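Chain by chain, the residues:
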Amino acid sequence: MTTAPRFLSASTLSGDAIKNPQGDSLGNLKDIMIDTSTGKVAYAVLSYGGILGMGDKLFAVPWESLAIDGENKCLILNVSKERLKDAPGFDKDRWPNFADPAFADQLRGYYR
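The notes below deal with the structure included here. No experiment lies behind these values; they were computed from the predicted model shown. Per chain, the residues get numbers from 1 upward, laid out in the order the sequence is written. This being a predicted model, a pLDDT of at least 70 is required before a residue's local features are given, and a value of 80 or more before pairs of side-chain atoms are given or counted; all residues contribute to the totals for chains, interfaces and linings. As a rule here, side-chain values cover all heavy atoms of the structure and leave hydrogens and water aside.

**Thoughts on the pairing of strand E3 (residues 40–48)**
- Burial classification: accessible surface area is computed with a 1.4 Å probe over protein chains only, and a residue below 20% of its type maximum counts as buried, one above 50% as exposed, and the rest as partly exposed. Secondary structure follows DSSP: runs of H or I at least 4 residues long count as helices, runs of E at least 2 residues long count as strands, and numbering of each begins at the N terminus. Counting buried positions along E3 yields seven of nine residues, so the element is predominantly enclosed.
- A pair of strands is considered paired only if DSSP assigns at least 2 bridges between the two. Here strand E2 (residues 25–35) pairs with E3 via seven bridges, running antiparallel. Note that in E3 the partner of leucine 29 across the bridge is leucine 46.
- Between E2 and the antiparallel strand that follows it, E3, lie four residues; glycine 39 among them carries a positive phi value of about 80°.

So, in structure tokens, the structure goes:
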């Protein structure tokens, strides 16, 4: 994997594929959540499954769990498809409280 660009706009990453190191598709980047108290990216919102955006499941992934593959224009998440299917997820109409410390701990523990 080549060195990731140091700065990218959020719109550049939106919709990019998310894959595991084995090359399996894990979905795509739906959104980026910014911690407004620090100004840092906290989570990537991954969309997986469904057809044309219908019936897809959303997952919040701690930003530090991802790597950017600039050469292949995708993000890398070191998790198997099976593990992702069991990850804490949500649907587009019921987003979690990203400010809840218990939620943050649960996600960081899952994606370690």
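**Quick notes on the pattern of salt bridges**
- Basic side-chain nitrogens of Lys or Arg form a salt bridge, by our definition, when they fall within 4 Å of a carboxyl oxygen of Asp or Glu. Tallying each qualifying case throughout the model produces three salt bridges.
- Here aspartate 16 makes a salt bridge to lysine 73, at a shortest N to O gap of 2.8 Å. Highlighted residues: aspartate 16 in the loop between helix H1 (10–13) and strand E1 (17–19) and lysine 73 in the loop between strand E5 (66–69) and strand E6 (74–77), separated in sequence by 57 residues.
- With a shortest N-O distance of 2.9 Å, arginine 108 and glutamate 64 are connected by a salt bridge. Of this pair, arginine 108 sits in helix H3 (residues 101–110) while glutamate 64 sits in the loop between strand E4 (57–62) and E5, and the two are 44 residues apart along the sequence.
- For arginine 108, a relative accessible area of 32% corresponds to the partly exposed category.

**A few points about the sheet that holds E6**
- With mixed pairing, seven strands are arranged side by side in an open sheet as E5-E6-E1-E2-E3-E4-E7. With one partner strand each, in any of the chains shown, E5 and strand E7 (89–90) form the two edges of the open sheet.
- Inspection of the sheet shows E5 paired to E6 by four bridges, in the antiparallel sense. Note on E6: the bridge partner recorded for aspartate 69 is cysteine 74.

**Overview of the layout of surface pockets**
- Estimated volume of the largest pocket: approximately 260 Å³.
- Going through the elements one at a time, H1 and E2 are the ones with two or more residues in the lining of the largest pocket.
- Space inside and on the surface of the protein is sampled on a 1 Å grid over the protein atoms alone, with a cavity defined as a set of points where a 1.4 Å probe fits but cannot get out and a pocket as an open set with protein on both sides within 12 Å along at least 5 of 7 lines; lining residues have an atom within 4 Å of a point. Grid points are joined across faces, edges and corners, and a volume is the space filled by probe spheres set on the points. Roughly 170 Å³ of internal volume is contained in the second largest pocket.
- Looking at the lining of the second largest pocket, the elements with two or more residues in it are E2, E3 and H3.
- Residues belonging to the lining of the second largest pocket are distributed by class as follows: eight nonpolar, no polar and three charged. Asp, Glu, Lys and Arg are counted as charged, while Ala, Val, Leu, Ile, Met, Phe, Trp, Tyr, Cys and Pro are counted as nonpolar; the rest, among them Gly, fall into the polar class.

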